[in-house]
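Tertiary structure, described
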Amino acid sequence: MPIVNKSDIGEYEVHPLVQRMINSNSNGIIHDEIGNVFITKNEWLLHFIEQLESLVDSTLARRLAHSSLSYWTKIDYTEWAPKRGVFRKPSVKQKIQSFEKWAQHRTLIGRGIVTPINWPYSFHIERPLMVSLEVGEICSFLQYLLGKSLRYQWRDDGGSNASITFEEINFPINDEKVNTIQVGSRSEFTLNIDNGISWPTRDGLPINVIPTEVFFEFCSTLNELPSIKIDDPLIELNELVNEIDHIVCMASVNACSYENQRYLIDDYDQLKNWFKNRIESNGYGKLNSASDFDTDLSINFESYIPWPIVTGIILDAWQRNNGMLGLISLNSINQKNIQISIKSRREIA
């Protein structure tokens, strides 16, 4: 029997995700349960990972699963915990019921439907966003329920179905502190999410919510890969840039190439409007200033996700606007504050 019945997935006048998101002036978008997040189209995310794997000539699924598990083990699951009696531990039935509620809830951030095949060691996922990303989330909550460390394996058909199996391992449970969600000052913003069924969409296209720390950890693990020769760099070489920065930026640009829209960013007002709609409203970063539109475009921005991803999105929009290939100069980087400039490489043939 499915743990989440399709017929039970309700429709909403206002998607529940809207009520759970806060716009922090210093940290971007905050989900009140899981902390700093960014929003992306499912299609863009899949293309981005595909491009990364192609550029590094390696499968990155295990690194993404590790990064996901590393983050989700720090989440406070008490909201989903089974009710404990005074003299006894939660029963298996109570644990399954807790998992059921949590499994249905996770569809609200764009994840697949989880069904137990052989509780608690075998599961089926229908319509997974990305199995390698989701397996870390599922493993984390199972470890919380069972109080045991687990090893995972998965198989998927590259489409709408996947299976995950778990086995217990003799390894201490990660006892890290639970993430503290800090909002600080906040401002009003409109979260553009369609009303309707649990899976979030925007203008009919599936979107999802990902903790920013997952991608910081994921990009950090890429530095363990062998050095990669860059034949035609998108970013000028200097002491602030390494090969992985180039690769991540290139994957971001290539993922954007699947979009067919042309952007107007000929002056500051146009850039500010584009930045607000494409970058800020999705929790990627915030524009501080921009100048030199008549020569090279210079931009100062805050980056709430790894800066090469944001820079790749900016470069793609600049190239679409100018009909030229661009070259990025990273002028300075100070924690989240990034200063770049873009100039023409050559005209597109």
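The text that follows walks through the structure, step by step, so that each part is easy to find.

Concerning the overall build of the chain
Assigned secondary structure in the chain consists of nine helices and 14 strands. In terms of C-alpha radius of gyration, the chain reaches 21 Å, essentially the compact-globule figure of 20 Å for 349 residues. When its C-alpha atoms are laid out on the principal axes, the chain stretches across 70 × 45 × 35 Å. Split into buried and exposed, the 349 residues of the chain put 52% on the buried side. Within the chain, residue pairs in contact and separated by at least 24 positions form 66% of the contacts whose partners lie at least 6 positions apart. Separation between the mean location of the 33 positive side-chain charges and that of the 44 negative ones in the chain comes to 8 Å.

With respect to the packing of helix α4 (residues 92-105) against helix α5 (residues 131-146)
Two numbers describe how α4 lies on α5: the axes approach to 11 Å, and their chain directions differ by 150°. Regarding the angle of α4 to α5, the classification is roughly antiparallel. Between α4 and α5 the crossing geometry is right-handed. Residue-level inspection shows K95, S98, F99 and W102 of α4 in contact with α5, the latter providing E137, I138, F141, L142 and L145. Taken together, the residues that form the contact of α4 with α5 break down as six nonpolar, one polar and two charged.

Things to note about the sheet that holds strand β6 (residues 150-156)
Taken together, four strands build an open sheet; the order of strands is β4-β5-β7-β6 and the sheet is antiparallel. The strands lining the two open edges of the sheet, one partner per strand, are β4 (113-118) and β6. Taken over all neighbouring pairs, the strand axes of this sheet differ in orientation by 25° on average, direction set aside.

Regarding the pattern of salt bridges
Tallying each qualifying case throughout the model produces 14 salt bridges. Between E168 and K148 there is a salt bridge, with the nearest N and O atoms lying 3.2 Å from each other. Highlighted residues: E168 in strand β7 (residues 161-168) and K148 in the loop between α5 and β6, separated in sequence by 20 residues. E168 sits in the partly exposed class, given a relative accessible area of 37%. Residue classification places K148 among the partly exposed positions, given a relative accessible area of 37%. In this structure, E167 engages R151 in a salt bridge whose closest nitrogen and oxygen atoms are separated by 3.5 Å. Taken together, the positions of E167 in strand β7 and R151 in strand β6 put the pair 16 residues apart, joining distant regions of the chain. On the accessibility criterion, E167 (38% relative accessible area) is partly exposed. If you follow the salt bridges from partner to partner, you end up with R20, D32, E33 and E79 in one network.

So, the pairing of strand β3 (residues 35-41)
For β3, the tally of buried residues reaches five of seven residues, placing the bulk of the element in the interior. The sheet contact formed by strand β2 (residues 28-31) and β3 spans three bridges and is antiparallel. When the sheet's bridge partners are listed, I30 is paired in β3 with N36. Between β2 and β3, which pair antiparallel and follow one another directly, the connecting turn spans three residues. Here five bridges tie β3 to strand β10 (residues 205-211), and the two strands are oriented antiparallel to one another. Paired with V37 across the bridge in β10 is P211.

Quick word on the packing of helix α7 (residues 243-256) against helix α9 (residues 307-322)
Geometrically, a packed helix pair is captured by the angle between its two axes and the distance between the axes. Contact geometry for α7 and α9: axes closest at 7 Å, N-to-C directions at 45°. Classified by the interaxial angle, the pair formed by α7 and α9 is oblique. Crossing of α7 against α9: the hand is right-handed. Together, D245, V248, C249, S252, V253 and C256 of α7 and W307, P308, I309, T311, G312, I313, L315, D316, Q319 and R320 of α9 make up the contact between the two elements. Class assignment of the residues belonging to the contact of α7 with α9 gives a composition of nine nonpolar, four polar and three charged.

Re the packing of aromatic side chains
Scanning the model with the defined rule gives 20 aromatic pairs in all. An angle of 75° between the planes, with centres 5.5 Å apart, marks the rings of F99 and W119 as edge-to-face. Taken as a pair, F99 in helix α4 and W119 in the loop between β4 and β5 (122-126) lie far apart in primary sequence, 20 residues in all. Overall, the relative accessible area of 18% leaves W119 in the buried class. Residues F99 and F123 carry aromatic rings whose centres are separated by 5.3 Å and whose planes lie at 35° to one another, so their mutual orientation is tilted. Linking F99 in helix α4 with F123 in strand β5, this pair joins segments that are 24 residues apart in sequence. For the pair F99 and F123, a shared accessibility class is recorded, and that class is buried. Aromatic ring contacts, followed pair by pair, group Y77, F99, W102, W119, F123, F141, Y144 and F166 into a single cluster.

Thoughts on α4
Owing to its 3.6 residues per turn, the α-helix aligns residues three or four sequence positions apart on the same side. Here α4 is 14 residues long and its end C-alpha atoms lie 20 Å apart, about the 20 Å a rise of 1.5 Å per residue gives. Residues of α4 that are buried in the fold lie against α1 (16-20), β4, β5 and α5.

Topic: α9
Here α9 is 16 residues long and its end C-alpha atoms lie 22 Å apart, about the 22 Å a rise of 1.5 Å per residue gives. Within α9, 15 of the 16 residues are buried, leaving the element largely enclosed by the surrounding structure.

Examining the state of the cysteines
Enumeration over the complete set of coordinates arrives at zero disulfides. Residue C219 stays outside any disulfide, its sulfur separated by 11 Å from that of C249, the closest cysteine.

Cut-offs used in this document
Residues numbered from 1 in each chain as written. Predicted model: local features only at pLDDT ≥ 70, side-chain atom pairs only at ≥ 80, totals over all residues. Heavy atoms only, no water. Helix = DSSP H or I, 4+ residues; strand = E, 2+ residues; numbered from the N terminus. Rg over C-alpha atoms; globule rule 2.2 N^0.38 Å. Buried < 20%, exposed > 50% of the residue type's maximum accessible area, 1.4 Å probe, protein only. Contact = heavy atoms within 4.5 Å. Lys, Arg positive; Asp, Glu negative; His and termini not counted. Charge placed at Lys NZ, Arg CZ, Asp CG, Glu CD. Axes fitted to C-alpha atoms, helices over the stretch in contact; angles between N-to-C directions. Parallel < 35°, antiparallel > 145°, perpendicular 65-115°, else oblique. Left-handed = near helix turned anticlockwise from the far one by under 90°. Nonpolar A, V, L, I, M, F, W, Y, C, P; charged D, E, K, R; others polar. Pairing = 2+ DSSP bridges. Salt bridge = Lys/Arg side-chain N within 4 Å of Asp/Glu carboxyl O. Phe/Tyr/Trp six-rings, centres within 6.5 Å; stacked < 30°, edge-to-face > 60°. Expected span 1.5 Å × (residues − 1). Disulfide = S-S within 2.5 Å.

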